[in-house]
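Report on the structure
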Amino acid sequence: MITLYPKLITDALSQVIYPGTKKNLVESEMLVDDIHIDGMNVSFTLLFPRETDPFMKSTIKAAEAQIHYAISKDIVVEIKTDFKSAPRPEVGKMLPQVKNIIAVSSGKGGVGKSTVSANLAIALARLGYKVGLLDTDIFGPSMPKMFGVENERPYAVEKEGRQLIEPVEKYGVKLLSVGFFVNPKTATLWRGSMASNALKQLIADGDWGELDYFILDTPPGTSDIHLTLLQTLAITGAIIVSTPQHVALADARKGIDMYRNEKVDVPILGVVENMAWFTPAELPENKYYIFGKDGAKQLAEEMGCPLLAQLPIVQSICENGDAGKPSATQVDTMTGQAFLNLAQSVITVVNRRNKEKAPTKIVSVTQK
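A short tour of the structure in this document, coming up.

Criteria and thresholds
- Residues numbered from 1 in each chain as written.
- Predicted model: local features only at pLDDT ≥ 70, side-chain atom pairs only at ≥ 80, totals over all residues.
- Heavy atoms only, no water.
- Helix = DSSP H or I, 4+ residues; strand = E, 2+ residues; numbered from the N terminus.
- Contact = heavy atoms within 4.5 Å.
- Areas by Shrake-Rupley, 256 points an atom, 1.4 Å probe, with all protein chains shown as cover.
- Polar contact = N/O pair within 3.5 Å; in protein donor to acceptor, adjacent residues only side chain to side chain.
- Salt bridge = Lys/Arg side-chain N within 4 Å of Asp/Glu carboxyl O.
- Buried < 20%, exposed > 50% of the residue type's maximum accessible area, 1.4 Å probe, protein only.
- Pairing = 2+ DSSP bridges.
- Axes fitted to C-alpha atoms, helices over the stretch in contact; angles between N-to-C directions.
- Patch = residues over 30% accessible without salt bridge, like charges linked within 9 Å, V, L, I, M, F, W, Y side chains within 5 Å.
- Parallel < 35°, antiparallel > 145°, perpendicular 65-115°, else oblique.
- Left-handed = near helix turned anticlockwise from the far one by under 90°.

1. Re the overall build of the protein
- Secondary structure assignment for the protein yields 10 helices and 15 strands.
- For the C-alpha atoms alone, the extent of the protein along its principal axes is close to 95 × 45 × 35 Å.
- Within the protein, contacts between residues at least 6 apart in sequence are counted, and of these 73% link residues at least 24 apart.
- Element-wise, carbon and sulfur atoms account for 50% of the exposed surface of the protein, whose accessible area totals about 19,000 Å².

2. Let's talk about the side chain of D217
- Relative to the helices and strands, D217 resides in strand 12 (residues 211–217).
- One polar contact links D217 to S117, side chain to side chain, over a distance of 3.1 Å.

3. Describing the pattern of salt bridges
- The full count for this structure, using the stated rule, is 9 salt bridges.
- Between D11 and K7 there is a salt bridge, with its nearest N and O atoms 2.9 Å apart. Here K7 and D11 lie together in helix 1 (residues 6–13), a separation of 4 residues that amounts to about one turn.
- Between D212 and K99 there is a salt bridge, with the nearest N and O atoms lying 3.2 Å from each other. Of this pair, D212 sits in strand 12 while K99 sits in strand 6 (residues 98–105), placing them 113 residues apart in sequence.
- Classification of D212 as buried rests on a relative accessible area of 13%.
- Look at K99 and you get exposed, because its relative accessible area is 55%.

4. Some thoughts on the sheet that holds strand 3 (residues 36–38)
- Here 3 strands make up an open sheet; going across it, the order is 3-4-5 and the pairing mixed. Lying at the two open borders of the sheet, with one neighbouring strand each, are strand 3 and strand 5 (76–83). Each strand of the sheet is rotated relative to its neighbour by a mean of 20°, with strand direction disregarded.
- The strands that helix 2 (residues 56–70) touches are strand 4 (41–48) and strand 5; relative to strand 5, the one it contacts most, it runs at about 150°.

5. Re a nonpolar patch on the surface
- On the surface, F278, L283, Y288 and I290 cluster together to form a nonpolar patch covering roughly 350 Å² of accessible area.
- Within the element layout of this structure, F278 appears in strand 14 (residues 268–278).

6. A closer look at the packing of helix 1 against helix 2
- Their axes nearest at 9 Å, the elements helix 1 and helix 2 cross at an angle of 120°. Relative to helix 2, helix 1 is oriented oblique. With respect to the hand of their crossing, helix 1 and helix 2 are arranged in right-handed fashion. Where helix 1 approaches helix 2, its residues I9, A12 and L13 are matched on the opposing element by A63, Q66, I67 and A70.

7. Section: the side chain of S72
- Assignment of secondary structure puts S72 in the loop between helix 2 and strand 5.
- On the accessibility criterion, S72 (10% relative accessible area) is buried.
- Within the structure, S72 has its side chain in polar contact with the backbone nitrogen of D74 (distance 3.1 Å).

8. Thoughts on unusual backbone geometry
- Not every positive phi belongs to a glycine, and E29 is a case in point at roughly 55°.
- Counting through the fold element by element, E29 comes out in the loop between strand 2 (23–24) and strand 3.
- Even without a glycine there, the phi angle at M275 is positive, about 55°.
- The topology assignment puts M275 in strand 14.
- For M275, a relative accessible area of 22% translates into the label partly exposed.

9. Here's the deal with the sheet that holds strand 7 (residues 131–135)
- In spatial order, the strands read 10-11-7-12-6-13-14-15; together these 8 strands make up an open sheet with mixed pairing. In this open sheet, the two edge strands, each paired with only one partner strand, are strand 10 (168–170) and strand 15 (307–313). Taking each pair of neighbouring strands and ignoring which way they run, the sheet shows an average axis angle of 25°.
- Sheet topology places strand 13 (residues 237–242) next to strand 14; 5 bridges connect them, and they run parallel. Each bridged residue has a counterpart across the sheet, and for I239 the counterpart in strand 14 is G270.
- Most of the contacts of helix 3 (residues 113–126) go to strand 12, to which it runs at about 170°, and overall it touches strand 6, strand 7, strand 11 (173–177), strand 12, strand 13, strand 14 and strand 15.
- Along the sheet, helix 10 (residues 334–356) contacts strand 6, strand 12, strand 13, strand 14 and strand 15; its crossing angle with strand 15, the most-contacted strand, is approximately 165°.

Structure representation (structure tokens):
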């Protein structure tokens with residue numbers, strides 16, 4: 001009885017030519033290092049370029065026949081298949097069908113940046129545009145809850161030889177977030193490099209398709225995540241969200257400075273003043289400026305950029321976000337109309353920016 005060992009199998013397969021490369025299976029690096037032998041039973045995996053490979057069936061039959069011919073016809077052969085993925089697009093060639101990439105930023109947490117991002121995306125979709133929304137806050141993702149899709153799990157689709165992540169779609173918006181892939185009840189304890197790699201995967205491996213607007217809901221402050229975005233995508237422009245409060249305005253200035261840095265040079269599309277005033281339902285004519293009056297408006301004037309909107313404190317905005325039904329879904333309400341107006345202002349400033357300024361360049365970092 002023949003004693004089988006891996007080299008016997010490898011030698012036999014080195015005589016099988018793969019038509020796609022006109023080289024043998026070993027030279028073509030199609031034989032995965034998983035040969036398993038159990039008596040006269042042999043199993044191994046062949047790696048093909050794609051599932052639709054026209055040579056796959058004939059190659060598998062040729063491999064089995066060669067083992068029977070070269071070693072023994074009594075061998076029971078099991079050949080498994082796996083498939084190579086096409087390489088991820090290079091930086092600068094990602095998202096070729098996306099027209100405008102908008103970063104929604106704030107220098108400080110808690111000013112309503114994610115609320116503005118979600119409602120802006122939905123409002124743009126309601127106006128007839130193709131919209132994608134990426135939750136780039138790796139450590140505090142909130143979009144799955146705001147869209148009411150916390151239990152959704154994106155699935156993989158194969159396109160052009162690549163395995164892509166199919167975004168969750170709701171309210172006409174394509175959405176991806178790391179929140180779909182981690183336990184929402186536990187902290188995400190990742191180093192900066194891990195978070196950046198996860199973000200790149202959501203960008204490059206998402207099946208975003210054709211988009212008019214790609215909204216980036218960024219984390220507070222200026223961090224590794226922001227640098228990763230600037231090094232990965234040519235951002236059309238940034239929207240700065242702030243409350244009228246002096247502390248928030250000081251941080252908003254830092255956010256504006258980050259984008260205006262000569263090495264970054266991303267245009268500021270405008271400022272959104274959130275929580276501008278409070279109007280109680282029983283006194284609809286009254287405005288109470290809890291966090292100060294016109295602070296972000298004055299900041300916009302000081303920094304020479306448009307004031308895109310002043311959004312009031314309305315209880316329903318918070319409640320709707322928590323319920324997974326952002327206010328922009330309700331166009332017949334005051335808050336719904338406010339976000340539609342914001343979307344129209346954004347469309348205007350983006351069109352003006354594209355007409356008057358050259359496309360943004362991806363930030364390159366040279367290590368010395």
